[in-house]
Amino acid sequence: MLVIIKNNYEEMSNEAAKIVADRLRKKPDLVLGLATGSTPLGLYKELIRMYKEEGLDFSKVTTFNLDEYVGLPPTHNQSYHYFMYENFFNHININPRYIHIPHGMAKDVDTFCDWYEKRIIECGGIDLQILGIGANGHIAFNEPGSSLGSRVRIKTLTEKTRNDNARFFASMDEVPKYAITMGIGTVMDSKEIILIANGEKKANAIKDAVEGPITGMCPATIVQMHRKVYVLLDKEAASKLKGDYVDSWEAKVFS
Ligand code: PGA
């Protein structure tokens, strides 16, 4: 694990973009795992800038998103499909045929989940997974109590996560109750992971994830078992860490 602490959100986002761009330049047909939420917005913005100004080429990239709400059509402005096109895919030269996002309207959810898991393998596995973290330590929609070996499946969202997301919906009743999510085991199969977190709200979850004991009650703690994970933070998210950490990914000192 390489913990990198940057001064602010913009620097954190740009650092994450540098790692993604480096991997993409080395492997143009990169298989990229993507996340939604507010945290990766700065990363996507910087990657879009790199595409427009530096010619960073996404034409051969395959993507797999971590999760999607069950019951929201792709056109719903709170669906993760909508989010990804609006904030990233519409602004780069990605081939839409290579984009994968769990299908929230799938008729047979279990069959879909099996297909998604197999499709990742068919594409060669995820080279680099972008990961956010919930204030309760969730990764993707793997809430506290999830099996650390779990695969793609349907999950019930906790009241905490539903409340955290309620601000995006007209009323609490409209906040979805279920999501399709990559499992913790699925995420852990990625060859590399970049976990990004900013702001004081994430400080406790980051403290547990980086320095706490590994437990399904804080799913992000599993990254301690991964061979190549960058934990990329701003100062606030890192404020409760006790260890000595670096300020650049170029340090390349994995512990
Ligand atoms: P956020 O969500 O980026 O909106 O804070 C992260 C998460 O819940 O995984």
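Going by the structure above, here's the rest.
Residues numbered from 1 in each chain as written. Predicted model: local features only at pLDDT ≥ 70, side-chain atom pairs only at ≥ 80, totals over all residues. Heavy atoms only, no water.

**Side note on the pattern of salt bridges**
When the charged atoms of two side chains with opposite charge come close together, those side chains can pair.
Part 1 of the reasoning: Counted according to the given criterion, the structure contains 19 salt bridges.
Part 2 of the reasoning: A salt bridge links lysine 27 to aspartate 29, with the nearest nitrogen and oxygen atoms 3.9 Å apart.
Part 3 of the reasoning: Classification of lysine 27 as partly exposed rests on a relative accessible area of 32%.
Part 4 of the reasoning: Take aspartate 29: its relative accessible area is 42%, and that puts it in the partly exposed class.
Part 5 of the reasoning: The closest approach of N and O atoms between glutamate 211 and lysine 207, which form a salt bridge, is 3.4 Å. (Salt bridge = Lys/Arg side-chain N within 4 Å of Asp/Glu carboxyl O. Buried < 20%, exposed > 50% of the residue type's maximum accessible area, 1.4 Å probe, protein only.)

**As for the site of the ligand**
Part 1 of the reasoning: As a structural note, the neighbourhood of the ligand is formed by Gly37, Ser38, Thr39, Gly132, Ile133, Gly134, His138 and Lys202.
Part 2 of the reasoning: Histidine 138 is positioned with one of its side-chain polar atoms (N or O) 2.6 Å from an oxygen atom of the ligand.
Part 3 of the reasoning: A distance of 2.6 Å is found between an oxygen atom of the ligand and a side-chain nitrogen or oxygen belonging to lysine 202.
Part 4 of the reasoning: Burial of the ligand by the surrounding chains reaches 77%, relative to a free accessible area of 280 Å².
Part 5 of the reasoning: Taken together, the residues of the shell around the ligand sort by class into one nonpolar, six polar and one charged. (Near = heavy atom within 4 Å. Polar contact = N/O pair within 3.5 Å; in protein donor to acceptor, adjacent residues only side chain to side chain. Areas by Shrake-Rupley, 256 points an atom, 1.4 Å probe, with all protein chains shown as cover. Nonpolar A, V, L, I, M, F, W, Y, C, P; charged D, E, K, R; others polar.)

**Details of the sheet that holds strand 8 (residues 178-181)**
Part 1 of the reasoning: Ordered in space as 4-8-7, the three strands form an open sheet in which the pairing is antiparallel. With partners counted over all chains shown, the strands left at the sheet margins are strand 4 (67-69) and strand 7 (153-156), one partner each. In this sheet, adjacent strand axes meet at a mean angle of 30° when their direction is disregarded.
Part 2 of the reasoning: As judged from the three bridges shared by strand 4 and strand 8, these two strands associate in the antiparallel manner. Considered in strand 8, the bridge of tyrosine 69 is made with alanine 179.
Part 3 of the reasoning: This element, helix 4 (residues 109-122), spans strand 7 and strand 8 of the sheet and lies at about 120° to strand 7. (Pairing = 2+ DSSP bridges. Helix = DSSP H or I, 4+ residues; strand = E, 2+ residues; numbered from the N terminus. Axes fitted to C-alpha atoms, helices over the stretch in contact; angles between N-to-C directions. Contact = heavy atoms within 4.5 Å.)

That's the geometry; what it means functionally is another story.
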